[in-house]
Every structure is written in structure tokens, then in C-alpha cells.
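Descriptive structure summary
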Amino acid sequence: MRRPSRSFRLPELPLLAAMVVVAASLAGCASKPPADDPEAVAEYTEANDPMEPTNRVFYAVNNGLDTVILRPLAVGYKYVVPYVVRSHIHNVLTNLSMPASLFDDMLAARPRRAGTSLMRLLVNSTVGVAGVFDVATDWGWPAHDSDAGMTLALWGLPEGPFLFLPVLGPTSPRDASGFGVDVATDPITWVGSGVLVSSLGYTRWGMTAIDTRTNVLDDLDKIKAQALDPYATIRSLYRQHRQSQIDEARSDDRATVPAWFVQPARP
Amino acid sequence: MLTRRILLWSGTAALAMMGLPRSPARAQSLEQATAFIEQAMKDLSFVVNGPDPMADKQRKLQAIIDRTVDVNDVARFCLGRFWRAASPAQQSEYLALFHRVLMINITSKVGEYQGVTFTIGRAQPREGAVVVSSIVNRPGNPPNKVDWLVSFDTGSPKIIDVVAEGTSLRLTQRSDYSAYLAHNNNSVQALIDALKQQATQPS
């Protein structure tokens, strides 16, 4: 007896992938520089963006949508809602995604990170009043980035060529698959059905979009104003940021000793 | 018996190596880089949070940047392989423009940094330079992890890169320029013309 329970669907990823493939075949691929120019070839390889013409089309589409919808919302949100309230909302949203993070930490075989995620979920959901207050950070379990894309990276999966997808923005085949996994492993995706549940689901995803957009408001404005080629700048920033998140996860060997416990001697 | 003697010797050698102090020059440059960044951050927050009118702040900020950042080195890095393709006249024009655009980009945002505070973290050697990590706190914004790459190539410590949340300023700038060049027939002159526009239209 299976309930049709999934309350909210982002545009399905296979559909997105199909759209990208179709658009790619229409728009063509970036032309590879001639082999007698090794430095240009090295640059082409480094950019790893064979679908650049298509990606740029989607970048323009997203940019247009952002200018008329998401950015004004983020500006209004930042203007109307004080920072303290915004950070509490951010805490609640982060706490809601914690089960998926815990799952990713476990699959990535990072027991200490998984322990931190578990404690963050338990402490912040109870003492932190449904995630409003980030008590866990003060108690010695600080937040860290983890998602299924990072887990796949730690498994050794290469990121693949750069993608710029509608709605999702800058990503890669690996990270886009990871996003799909995170939506699928999110318990809230599977809980209940009905008008209330689905409207809560929409609210949550909408708030996540606004919260994320607000956090990069100044940076993105700066990029658009100062970069000669904002698309290439965002591509570079996305890659570097992902790599640093992955490196941090890989080299994270901290002991998860809570702040109130006897601290281990430092070497 | 030979094996035992070899074992004994190698054991002694290993012990001796472990007991050796770490290279004093390296430890000193780590300390020096940390002190340098600490002072630069102090100067910077003093000007940004001070009572001066905006124009004075911008002028003082410019002086600090000129003193602490190896702008020419950053500029050459950002042009990458095209530096050699440029004529000497283009090179000097590019350096001057890069300097001016960088100053505009930094000083035009000085108001946003009101109330900024820093915490300096640890220093580590990286690629012949030293990385000094720090946390930058701006009121109304989540804290940012910022690493400063300090080089001693000119004899005195100079900042050659800023890495914010894992993203390097000079690497990002280089991808921006190289993408622009790729779409403009790899013409350095086109880049110089674009920079000229940026230098005359402060954002």
C-alpha cells in the first residue's frame, strides 16, 4: 500500500538533462583550439566546458529570471527582515536538510563528520527549538558543508564538464546527480501528503532559494558589475569553491569532542 | 651482523633527524608573514571604521594597498600567457590600468565594510609563499574565511593573493580575462580597451 506521498517536485532532473542534451545539439559545442597552440589547448582543457555555447544560453535565461524574480525578492527580504531573524530562518532551513547531510557524511565514510551532523540534528531540533537556535555550534559541533555531490567526489568520481542548468545554475554532472540524490534522501520529501504538507514543502524550497540568494547578494552584484565575462567568472568561482569544500571534507580529521567535555591534549 | 649494524645506524640517523629543529628561516618567515598580515588588517580596519570622510578613507586605503600588495605581480599573473604576447607599451599600459581598476573596485566598496573585524589564524607555507588564514566578520553578514598569500620574493612581505572561502582572487580574475580574450581574438588591446572603460566608469 504505497501512498503517493512526494509532496514537492523540482523539475525532474532527467528532464533537465534531456533539455540540456537537446539544446546542446542545437547550439553546438565550443570549438576546440588547433593542436599547434598548446597553451590555448591547455586553457580549453582547464576550462573543461565543451558545452559552453549552450551553457551561456542558460546562463542568460537564468540571469534574466534572476533579475526580475529572485534578486528583487532577495533585496526585499534583506531590507525588510533584520539579520537576526534571517539567521534564525537560515538555521531552521539548515536543520531541515541535516538528515540528508548526515546520510551523505555516512556514505562518504566520514564518521566524525557524521557524528557532528547527528549531534547537530538532535541538539538543534530539541534544545534549539526546531532548529531556530544553533546551540550545537556553541556546544562544540560546528556546521560543515556536506552534500551528495561531495560524497560522490570523495568516492573518486570526477566532476565532469561544466554545466549551467536552468533553475539550478552552475553545476556539473556529478553535482547535479548529487542534488537529485539529496532531494530523494530528504525525509521531508517522503513525509505525508495533502495541501498543508505540499504547501509547507513549497515554502521550504522557496525560502531556501531566497535565503541562498540573499547570502550571495553583494558578491553576485559585484561580479556582474566588475567582471568582463561574468559567466566565466562564475564558472571559475563555482569550481574553486567546490574543490575547497571537497578538500576540506577530505582533510577533516578533527576529534568531535563536545565543548563541555575534557578536551584532548593538543600536539 | 651487518644488518643489525645498518639497523642501528639508520635508527640513530632517524632519531637525529627527528631531534633536528625545524628550519629556523621557515619558522621566521611564518611569524613574519603573520605579523605583517596582522598589522595590515589593523591598519585597514582602523581606516575603514574611522571617522574620516569617504574621500579621505579611500585615499588612505589606497596607500595601504600600495604598501602591502604586490599589484604588479598580481597583474602579471592575471594576464597569464598573454603577458608575453603583449608589447612593452601594452604591458606598462595594462599594469597602470589594472592598478587603477583594482583601486576603484576596492575603494568603492569601503562603506560596506563599516564595522569590520578580523581574527588572524595560523600560517602555513605554500608554493614558495606563506598562507595566513583569517576570519573576517562584517556586521549583518555571516563570518568569512579569508586566506592571505604572502610572498617574500621582493625582499619584504607582500600580499600576492586573497583566497575568500576557497576562491582565489587572482585565479578568478585570470579566468575572467582569458575568457574575455578568447572571445576577442586573443587581442590584448581589446582587454586594455575594456579595462580603460572600467577605469573611467567607477562601478
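This text gives an overview of the structure that appears in the document. The shown structure was predicted, so the numbers you read here are calculated from the model rather than taken from an experiment.

Attention now moves to the overall build of chain A. When helices and strands are counted, chain A shows 13 helices and two strands. The 267 residues of chain A split such that 39% are buried. Long-range pairs, those at least 24 residues apart, make up 69% of the contacts in chain A with a sequence separation of at least 6. Of the roughly 14300 Å² that chain A leaves accessible, carbon and sulfur atoms contribute 69%.

Let us now look at the packing of helix H4 (residues 83-96) of chain A against helix H11 (residues 195-215) of chain A. Residues and elements named next belong to chain A. Axis separation between H4 and H11 bottoms out at 10 Å; the angle between their running directions is 125°. When the axis of H4 is compared with that of H11, the two are oblique. Considering only the axes of H4 and H11, their crossing is left-handed. On the side of H4, the interface is formed by Arg86, Ile89, His90, Leu93 and Leu96, while H11 contributes Arg204, Met207, Thr208, Asp211, Thr214 and Asn215. The residue makeup of the contact of H4 with H11, split by class, is four nonpolar, four polar and three charged.

A few words now on the pattern of salt bridges. All names here are of chain A. Under the counting rule described, the total for this entry stands at 22 salt bridges over all chains. With a closest N to O distance of 2.8 Å, Asp252 and Arg113 form a salt bridge. Residue Asp252 is found in the segment after helix H13 (230-250), and its partner Arg113 is found in helix H6 (residues 111-126); the two are separated by 139 residues along the sequence. Take Asp252 and Arg113: they sit in the same class, and that class is buried. We note a salt bridge from Asp175 to Arg242, for which the minimum N-O separation is 3.1 Å. Residue Asp175 is found in helix H9 (residues 173-185), and its partner Arg242 is found in helix H13; the two are separated by 67 residues along the sequence. For the pair formed by Asp175 and Arg242, the shared burial category is buried.

Parameters and conventions
Residues numbered from 1 in each chain as written. Chains lettered and ligands numbered in written order. Predicted model: local features only at pLDDT ≥ 70, side-chain atom pairs only at ≥ 80, totals over all residues. Heavy atoms only, no water. Helix = DSSP H or I, 4+ residues; strand = E, 2+ residues; numbered from the N terminus. Buried < 20%, exposed > 50% of the residue type's maximum accessible area, 1.4 Å probe, protein only. Contact = heavy atoms within 4.5 Å. Areas by Shrake-Rupley, 256 points an atom, 1.4 Å probe, with all protein chains shown as cover. Axes fitted to C-alpha atoms, helices over the stretch in contact; angles between N-to-C directions. Parallel < 35°, antiparallel > 145°, perpendicular 65-115°, else oblique. Left-handed = near helix turned anticlockwise from the far one by under 90°. Nonpolar A, V, L, I, M, F, W, Y, C, P; charged D, E, K, R; others polar. Salt bridge = Lys/Arg side-chain N within 4 Å of Asp/Glu carboxyl O.

Remember that the coordinates give geometry; whether it matters functionally is a separate question.
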